[in-house]
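# Coordinates in review
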Amino acid sequence: MSAGDRAYQQGRYAEAERFFATALERAERAGGAQDPRVALSLGLLASAYQAGGSYGKAEPLLGRALGIAEGALGPDHPEVAVTLTALGSLGAAQGRYAQAEPLLRRALAIDERVLGPEHPEVAQTLQVLAALERRQGRYVDAEVRSRRALAIREKVLGPDHVDVATSLAGLAALYRPQSRYVEAEQLAQRALAIREKRLGPEHPDVIAPLVTLALVYVEQGRWAVAEPLARRALAVAEKTLGAEHPDVATAIEPLAGLARERGRYAEAETLGRRELAVREKALGPEHPDVAAAVTGLAEVAVLRRNAAQAEPLARRALAIQEKTLGPDHPDVARSLRVLGQAQDMQKRYAEAEPSFQRALAIDEKRLGPESPRVALDLGGLGTLYRRQGRFAQAEPVFRRAQAIGEKVLGPEHPQVAASIVDLASLYRDQSRFAQAEPLYQWALTLQRKSLGPDHPDVAESLEEYAVLLKQTNRETEAAPLEAQARAIRAKTP
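Residues numbered from 1 in each chain as written. Predicted model: local features only at pLDDT ≥ 70, side-chain atom pairs only at ≥ 80, totals over all residues. Heavy atoms only, no water.

### Things to note about the packing of aromatic side chains
Tallying each qualifying case throughout the model produces two aromatic pairs. An angle of 20° between the planes, with centres 5.7 Å apart, marks the rings of Tyr440 and Tyr465 as stacked. Of the two residues, Tyr440 sits in helix H22 (residues 433-451) while Tyr465 sits in helix H23 (residues 456-471), which places them 25 residues apart along the sequence. Tyr465 sits in the buried class, given a relative accessible area of 8%. (Phe/Tyr/Trp six-rings, centres within 6.5 Å; stacked < 30°, edge-to-face > 60°. Helix = DSSP H or I, 4+ residues; strand = E, 2+ residues; numbered from the N terminus. Buried < 20%, exposed > 50% of the residue type's maximum accessible area, 1.4 Å probe, protein only.)

Structure (structure tokens):
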């Protein structure tokens, strides 16, 4: 057991499995199948399997360990709570949230009653329960539990303990989808520093804070900072866990998002398909993380104007998410937004509008009215209104999207530039050319600065501006803009 624990702490999970399996055999020979040491060995072996991504192997071991512990020690023993927490953690990793939560609540009740409210085991169960709530989009509940777990660990274990880093990393992962970027960045950096110092720079536990930091920077448009972190996370995952571990897919996610944002759509699709393949093999076809990977591929298809490919992907993701996460999860909103874009491209406006409206309602409720994801929903809805000639409805929607982007992401973020282009095209469609033209020029300046001169969004803005120039009988000025757009399109079909 001691040798296995050393290997486990060092991230050598395959080696830990071998030691724990041998410990299990010896415990069974020495004490019989119901010996408490058998239960302990089963739990340790299951933890090594779970860390190595072998969830199917871990579950029956934990079920057996629970039965032994309850029989030998009683239903309210702390060792029973440890096994319940392990089962809940495994269920959360497998996406079986409804089964996992009562196990974790029972474990928490045992720990608080027997060990006291400030015991490290209480913090461990709180942390796992908070991660479960975060996955379900229950951010308020998750924050309360995460902060309590962090407070216990800092008080009892000290500010630089690896368990403190776990709480910090969990809070960072919680704040990132809420666009609380400053807090998420600070927490993830602190978690990373502790883990690098205590565990080393290539331990599997550095992957999570690296991924969170990379995703924060991708969403903020800080791509040059994001890329090396994401690539480092992937390299650590592949080296320490193997190419088919779920954490490899987790590390691919920010790289795929980075490629999407940079307009490198072929690369984004390749990365997205690899992420999906790893997740499907490790987690099964109906896991929420599989659905998220499918949605990412649908987003790439929308960017490539391939509505026929985007729609079935979005519908597949939506079906998984509604089944496993419920109808009001932010991931559901993301898939609905992509579905609305695919329907809009096919001029199926009557179908697209409720998709956008439902996405907007979910994001406003779960993420707040100033989330950048709300701005994306508004952009899709405003474009739908514009194409239908519903100009009076479109303008306040576009202006609100722009205001959210400027406040949360900054005035030079690519998402803000996209909102400015939307507003310019709305004015152009109404022949309000004097208002539209400076907006196109402003947006192009922002896009060239933040995206680079050869990004597909620059090509689209050039094409939209050229339409205005033609409408105002300035074909000579429009021609070079169209030529620039064609050159960009040739580089990124």
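Text resumes after the structure shown.
### Some words on unusual backbone geometry
Residues apart from glycine generally show negative phi values, whereas peptide bonds are mostly found in trans. Phi at Arg305 takes a positive value of approximately 60°, unusual for a residue other than glycine. With respect to the secondary-structure elements, Arg305 resides in the loop between helix H15 (288-303) and helix H16 (307-324).

### Re the packing of helix H17 (residues 330-345) against helix H19 (residues 372-387)
Following both chains from N to C, one finds H17 and H19 inclined at 20°, their axes separated by 10 Å at the closest point. By the angle between their axes, H17 is roughly parallel relative to H19. The hand of the H17/H19 crossing is left-handed. Residue-level contacts link Pro330, Arg337, Asp344 and Met345 of H17 to Arg373, Leu376, Asp377, Thr383, Leu384 and Arg387 of H19. Looking at the contact of H17 with H19 residue by residue, the class counts come to four nonpolar, one polar and five charged. (Axes fitted to C-alpha atoms, helices over the stretch in contact; angles between N-to-C directions. Parallel < 35°, antiparallel > 145°, perpendicular 65-115°, else oblique. Left-handed = near helix turned anticlockwise from the far one by under 90°. Contact = heavy atoms within 4.5 Å. Nonpolar A, V, L, I, M, F, W, Y, C, P; charged D, E, K, R; others polar.)

### Quick notes on the environment of Val144
Within the secondary structure, Val144 sits in helix H8 (residues 139-157). Owing to a relative accessible area of 57%, Val144 belongs among the exposed residues under this scheme. In the structure, Val144 is positioned 70 residues away from Ala214 in sequence and 25 Å away in space, judged by C-alpha atoms.

### Focus: the nonpolar core
Grouped together as the largest cluster of nonpolar side chains are 53 residues, with contacts concentrated most on Leu168 and Ile207. For this core, the secondary-structure elements that each account for two or more residues are H8, helix H9 (162-175), helix H10 (181-199), helix H11 (207-220), helix H12 (223-241), helix H13 (246-261) and helix H14 (265-283). Sequence-distant contacts of Ile207, defined by excluding residues within four places in its chain, comprise Ala233, Val236, Ala237, Leu241 and Asp247. Core analysis: the next-biggest nonpolar cluster, separate from the first, contains 40 residues, Ala375, Leu381, Ala401 and Tyr427 among them. (Core = buried A, V, L, I, M, F, W, Y, C linked by side-chain atoms within 4.5 Å.)

### Quick look at H13
Residues spaced three or four apart along an α-helix face the same direction, because each turn holds 3.6 residues. Look at H13: 23 Å from first C-alpha to last across 16 residues, which is about the 22 Å you get at 1.5 Å a residue. Taken as a whole, H13 carries its principal kink of about 25° at Ile252; the proline Pro254 stands between one and four residues after it. Taking burial as the measure, the 16 residues of H13 include 12 buried ones, the bulk of the element. Among the residues making up H13, those that are buried are Pro246, Val248, Ala249, Ala251, Ile252, Pro254, Leu255, Ala256, Gly257, Leu258, Ala259 and Arg260. Buried residues along H13 sit against helix H4 (55-73), H11, H12, H14, H15 and H17. Downstream of H13 by one or two residues, Gly263 has phi in the positive range, about 80°. (Expected span 1.5 Å × (residues − 1). Bend = angle between axes of the 7 residues up to and from the residue.)

### A look at the environment of Leu481
Assignment of secondary structure puts Leu481 in helix H24 (residues 475-491). On the basis of relative accessible area, Leu481 is assigned to the buried category, the value being 12%. Remark: the alpha-carbon pair of Leu481 and Glu463, spanning 18 residues in sequence, is separated by 6.9 Å.

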